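In case you want the letters, here they are:
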Number of protein chains: 2
Amino acid sequence: MTVLFSKKCEYALQALLFMAEYRHEGPLSAERIATHLDIPKEFISKILQSLTKSNIVISQRGKAGGFRLARLPEKISLMDVVENIDGLGVFSDCLIGHPSCNPEAPCPLHHSWAPLRSQLKHLMEKTHLGNFIPGQTLNQLPDETTV
Amino acid sequence: MTVLFSKKCEYALQALLFMAEYRHEGPLSAERIATHLDIPKEFISKILQSLTKSNIVISQRGKAGGFRLARLPEKISLMDVVENIDGLGVFSDCLIGHPSCNPEAPCPLHHSWAPLRSQLKHLMEKTHLGNFIPGQTLNQLPDETTV
DNA sequence: GTAATTTCGGATAAAAAAGTCCTATTTTAA
DNA sequence: TTAAAATAGGACTTTTTTATCCGAAATTAC
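Only a predicted model underlies this, so the values are computations on that prediction, with no experimental measurement involved.

Enquirer: Tell me about the protein's contact with DNA strand D, and please be specific about residues and values.
Expert: With respect to spatial proximity, 25 residues lie near DNA strand D, and among them Pro40(A), Phe43(A), Lys46(B), Ser59(B) and Arg61(B) are the closest. Counted by atom, the contact set of DNA strand D within 4 Å of the protein is 65% sugar and phosphate. Within the backbone of Gly62(B), one N or O atom sits 3.3 Å away from a sugar or linking oxygen of DNA strand D. If you list the elements that add at least two residues to the surface near DNA strand D, you get helix 1 (7-21) and helix 3 (41-53) of chain A together with helix 3 (41-53), strand 1 (57-60) and strand 2 (66-69) of chain B. Residues belonging to the surface near DNA strand D are distributed by class as follows: six nonpolar, 10 polar and nine charged.

Enquirer: So what's going on with the confidence of the model for chain A? Which residues, and what values?
Expert: Residue and element names in this part refer to chain A. Of all residues in chain A, 92% have pLDDT values of 70 or greater, and the mean over the chain is 90. When mean pLDDT is compared element by element in chain A, strand 2 (residues 66-69) scores highest at 97, while helix 5 (residues 110-126) scores lowest at 93. Segment residues 138-147: pLDDT under 50, and 13 contacts once partners within four positions in sequence are set aside and those in other chains are kept.

Enquirer: Tell me what's going on with the interface of chain B and chain A, and back it up with residues and numbers.
Expert: Accessible area lost on assembly of the parts is the figure often given for the size of an interface. Contacts between the two partners involve 29 residues from chain B, matched on the other side by 29 residues from chain A. Roughly 2700 Å² of surface becomes buried between chain B and chain A when both sides are summed, with 78% attributable to carbon and sulfur atoms. Considering only the side of chain B, the residues that lose the most area to chain A are Met1(B), Val3(B) and Ile96(B), jointly responsible for 24% of the buried surface there. Across the chain B-chain A interface, the total number found is zero salt bridges.

Enquirer: So, the relation of the copies chain B and chain A: which residues are in play, and what are the values?
Expert: Turning chain B through 180 degrees and shifting it by 0.0 Å along the axis lays it on chain A, with an RMSD of 0.0 Å. Such a combination of rotation and displacement between the chain copies is what one expects of a two-fold axis. Measuring from the rotation axis to each C-alpha of chain B, the shortest distance belongs to Leu4(B), at 2.8 Å.

Enquirer: For the protein's contact with DNA strand C, give the residues involved together with the corresponding values.
Expert: In the vicinity of DNA strand C, 25 residues are found, and the nearest of them are Lys46(A), Ser59(A), Arg61(A), Pro40(B) and Phe43(B). Near-protein atoms of DNA strand C (within 4 Å) split between backbone and bases, with sugar and phosphate holding 69%. One of the side-chain nitrogen or oxygen atoms of Gln49(A) is found 3.4 Å away from a base nitrogen of DNA strand C. Taken together, the elements giving at least two residues each to the surface near DNA strand C come down to helix 3, strand 1 (57-60) and strand 2 of chain A together with helix 1 (7-21) and helix 3 of chain B.

Enquirer: Tell me about empty space enclosed by the protein, and name the residues and values.
Expert: Per the stated rule, a full pass over the model turns up two cavities of 30 Å³ or more. For the largest cavity, the full set of lining residues is Leu4(A), Trp113(A), Leu116(A), Leu120(A), Leu4(B), Trp113(B), Leu116(B), Arg117(B) and Leu120(B). Where the lining of the largest cavity is concerned, the elements lending two or more residues are helix 5 of chain A together with helix 5 (110-126) of chain B. At four residues, the largest contribution of residues to the lining of the largest cavity is made by helix 5 of chain B. Its residues placed into classes, the lining of the largest cavity shows eight nonpolar, no polar and one charged. Quantified by volume, the second largest cavity comes out at close to 50 Å³.

Enquirer: Before we move on, can you summarise the side chain of Ser6(A) with the specific residues and values?
Expert: Of note, Ser6(A) is situated in the segment before helix 1. Side-chain polar atoms of Ser6(A) contact the side chain of Asp86(A), separated by 2.6 Å. Residue contacts for Ser6(A): discarding those within four places in its chain leaves Ile85(A), Asp86(A) and Met1(B).

Enquirer: Could you give me a rundown of the environment of Asn131(B), with the residues and numbers involved?
Expert: Residues and elements named next belong to chain B. As for its position among the elements, Asn131 is in the segment after helix 5. Separated by 54 residues in the primary sequence, Asn131 and Ser77 have C-alpha atoms spaced 9.5 Å apart. Here the side chain of Asn131 touches His128 through a polar contact of 2.9 Å, landing on its backbone nitrogen.

Reading guide: rules and limits
The numbering scheme is per chain: residues are counted from 1 as the chain's sequence reads. To label them, take the chains in the order written and letter them from A, then take the ligands in the order written and number them from 1. It should be noted that, the model being predicted, local features are given only for residues of pLDDT at least 70 and side-chain atom pairs only at 80 or more, the latter also being counted only at that level, while totals for whole chains, interfaces and linings use all residues. Excluding hydrogens and water, the side-chain figures rest on all heavy atoms present in the structure. To be near a molecule or strand, a residue needs just one of its heavy atoms within 4 Å of it. Any pair of nitrogen or oxygen atoms within 3.5 Å is treated as a polar contact; in protein, a donor-acceptor pairing is required on top of that, and neighbouring residues in sequence qualify only through side-chain atoms on both sides. A run of H or I in DSSP becomes a helix once it reaches four residues, and a run of E becomes a strand once it reaches two; helices and strands are each numbered from the N terminus. Only Asp, Glu, Lys and Arg are considered charged, only Ala, Val, Leu, Ile, Met, Phe, Trp, Tyr, Cys and Pro nonpolar, and every remaining residue, Gly among them, polar. The predictor reports its confidence for every residue as pLDDT, a score running from 0 up to 100. Contacts: residue pairs with any heavy atoms within 4.5 Å of one another. Summed over both partners, the accessible area lost on bringing two parts together, with a 1.4 Å probe, is the buried area. By definition, a salt bridge exists where a carboxyl oxygen of Asp or Glu is found within 4 Å of a side-chain nitrogen of Lys or Arg. Fitting of the copies onto one another was done by least squares over C-alpha atoms, counting residues only where both copies have pLDDT of at least 70. Grid points spaced at 1 Å over the protein atoms alone were grouped into cavities, where a 1.4 Å probe fits but cannot get out, and pockets, open sets with protein on both sides within 12 Å along at least five of seven lines, with lining residues defined by an atom within 4 Å of a point. Grid points are joined across faces, edges and corners, and a volume is the space filled by probe spheres set on the points.

Have a look at this one:
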């Protein structure tokens, strides 16, 4: 069991953080991303295809092709990625899978888990890829012309 | 994907909460627990066997047999259960599965996730089955003679 | 134009998790 | 003593997740 996200989602986040850092080098091939992350090329390819369909990355076929972010790293939140790969269940489902747990008839753990879950949700929403680019100040929005 | 725990762990927690509430009725059979939780008897049986081996519940074979808590509900923390079924990885592993993430060389999300993870750990440690018995005040330790 | 390189997408394989089945053993009620 | 009821435990099946393979289509460098 992964901590909170599936392996696909973990790899997606890792790949996007890498792509954000190296976004000035033109499209990065699945091959290169796979090597950097030390995971199978075929697997990250599928994940990148999925991210392409949901307009988080843009793909380019052919020689010198690859993948690049579809918009500024400051405009891609971690929540965007999680939502695309794993969905939003983590932020709404009952912690112990109680079938009838809801705010009106909560399971025993509901009220303890809710605030933590809310904090986690907020963290994923407010954090974007741009926050992790080395040398870039947090929340700094670079001049569009330099990107 | 379950939220944070495996299905086994979710069922274990649900079963133990049920057993805590009905602990005065003598051993509860796997059959009865399965019916109450609306899950397969064979599956919860395996889980209860595992909990038996780790001394969280006590089993009794034969007619009128079944399972009961191995100690007072106030002495069984949620962490005891999670540790037995899923292990403690959730409380130590990197949120995005970064292979080399550790406090010295943390992944980009490390410092944001750590405090939340710590709160969650604390919640599971301090909360015990006794907290969920209807009609019983939180943290109330009943007279031993009445249990 | 051609060859090389890359993504696309369907099919398949392997591994892990979840769920089922069957028989042996234990225990107790009658 | 016997029959019924219950856990123990091994083997098996199904489903989901993770991972791999391969041919087709696209694009570019030359």
